[in-house]
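These are the residues of each chain, in order.
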Amino acid sequence: MPTLRKDPIGGRWVIIATERNKRPSDYGESVRSPQAEFCPFCAGNEDATPPPIAEERTGDGWDVRVVPNKFPALRSEGEITRRGEGIYDEMSGIGAHEVIIECPEHISDIAELDTAQIEKVLRVWADRLRELRQDPRLRCAIVFKNHGAQAGASLEHAHSQLIALPIVPKRLAEELEGAKKYQEFRDRCVFDDILQQELDSEERLVYQNEDIVVIAPYASRFPFELWFLPRRGEPWYEHADLRTYHCLAEALQVVCRKLNRALDHPPYNLMLHSAPFTDEDMSHFTWHLELIPTLTKVAGFEWGTGFYINPTPPEEAAKHLRDMDI
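Keep in mind it's a predicted model, so treat the numbers as computed, not measured.

Counting secondary structure elements, the protein chain contains six helices and 14 strands. On C-alpha atoms alone, the protein chain measures out to a radius of gyration of 20 Å, which is about the 20 Å that the 2.2 N^0.38 rule sets for 326 residues. Looking at the 326 residues of the protein chain, the share that counts as buried comes to 49%. In the protein chain, the share of contacts with a sequence separation of at least 24, taken over all contacts with a separation of at least 6, comes to 67%. If you sum the accessible surface of the protein chain, you get close to 16800 Å²; carbon and sulfur atoms cover 50% of it. Averaging the coordinates of the 38 positive side-chain charges in the protein chain and doing the same for the 55 negative ones gives two points 4 Å apart.

This part covers the sheet that holds strand S13 (residues 268–273). An order of S3-S4-S7-S9-S8-S13-S14-S12-S11-S10 is seen for the 10 strands of this open sheet, with the pairing classed as antiparallel. Pairing within the sheet leaves two strands with one partner each, and these edge strands are strand S3 (54–58) and strand S10 (205–208). On average, each strand axis in the sheet is inclined to that of its neighbour by 15 degrees, with strand direction left out of account. Pairing analysis gives six bridges linking strand S7 (residues 96–101) to strand S9 (residues 159–165), with the strands arranged antiparallel. The partner of isoleucine 101 across the bridge, within S9, is histidine 159. Here helix H1 (residues 115–132) sits on the sheet in contact with S3, strand S4 (61–68), S7, strand S8 (140–147), S9, S13 and strand S14 (288–293), set at roughly 40 degrees to S4. Lying over the sheet, helix H3 (residues 190–201) contacts S10, strand S11 (212–215), strand S12 (226–230) and S14, oriented at roughly 110 degrees with respect to S12.

Scoring rules and cut-offs
Residues numbered from 1 in each chain as written. Predicted model: local features only at pLDDT ≥ 70, side-chain atom pairs only at ≥ 80, totals over all residues. Heavy atoms only, no water. Helix = DSSP H or I, 4+ residues; strand = E, 2+ residues; numbered from the N terminus. Rg over C-alpha atoms; globule rule 2.2 N^0.38 Å. Buried < 20%, exposed > 50% of the residue type's maximum accessible area, 1.4 Å probe, protein only. Contact = heavy atoms within 4.5 Å. Areas by Shrake-Rupley, 256 points an atom, 1.4 Å probe, with all protein chains shown as cover. Lys, Arg positive; Asp, Glu negative; His and termini not counted. Charge placed at Lys NZ, Arg CZ, Asp CG, Glu CD. Pairing = 2+ DSSP bridges. Axes fitted to C-alpha atoms, helices over the stretch in contact; angles between N-to-C directions.

Just geometry here; none of it tells us what the structure is for.
Right under this line is the structure:
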């Protein structure tokens, strides 16, 4: 059974994921690209995965399939227990870890899917969040996508993952706290102000449509880091309307194609930041997607200080992508 352990100094929680166990000697193995000789995510190979949690279907076949992760970071069975060991705090690793298989065909890049298929994936994300927020043990969930071996993908077939947690993770908690302080000081939502300034200046604007604006954030941590922001501030992704999912699908397709053209199909990590499962006022927060291409490495200075060194100004990255034809 996995456990959650709390660092008594920084306050961050770590998942000790025993179900994903590696021997110490395993870490010396070379990193290899995922192989496609047999793909458990392709249509026809459904027996190679656990039974589905949910499916988006058309006719006799499935379009999007959600299955439990075979090697979960957290387990859904059991109750949350907490215990102390001297100064240390620990709790049982209760949560959910799901895999969203984004298409039945063996396609590795979401940019190759049509807008309608990407929209189905985005709606399934929302469906799963709506379902999981009914579990009183869970406090929030993160949806993420690792594209490419260098970004952490173990299989090349297009897929994303969802991990639901019994706690609010440190990074999301910091975003919530910063946004709340901004609203208390200025009586405005910081995400609304960012959106308006970026639309006015257009320096860091990459793409926009009816409902979604894509920017290279002012303090980008990594080269070509991008944020996808909804025009209408809504704390919970799962509460967005269908038009927003359609526009987000269009934005993802266009921007990922631009990245492929500009950076020769880079690996990347895509993360959904959505408000915790709560009835509290979250008007200071807006859900958003963050996309980070894997172009540089985090090294000693970054780990030691929490600072990031970005060699490409976001204004330059945004202009390069704006000008990129697809």
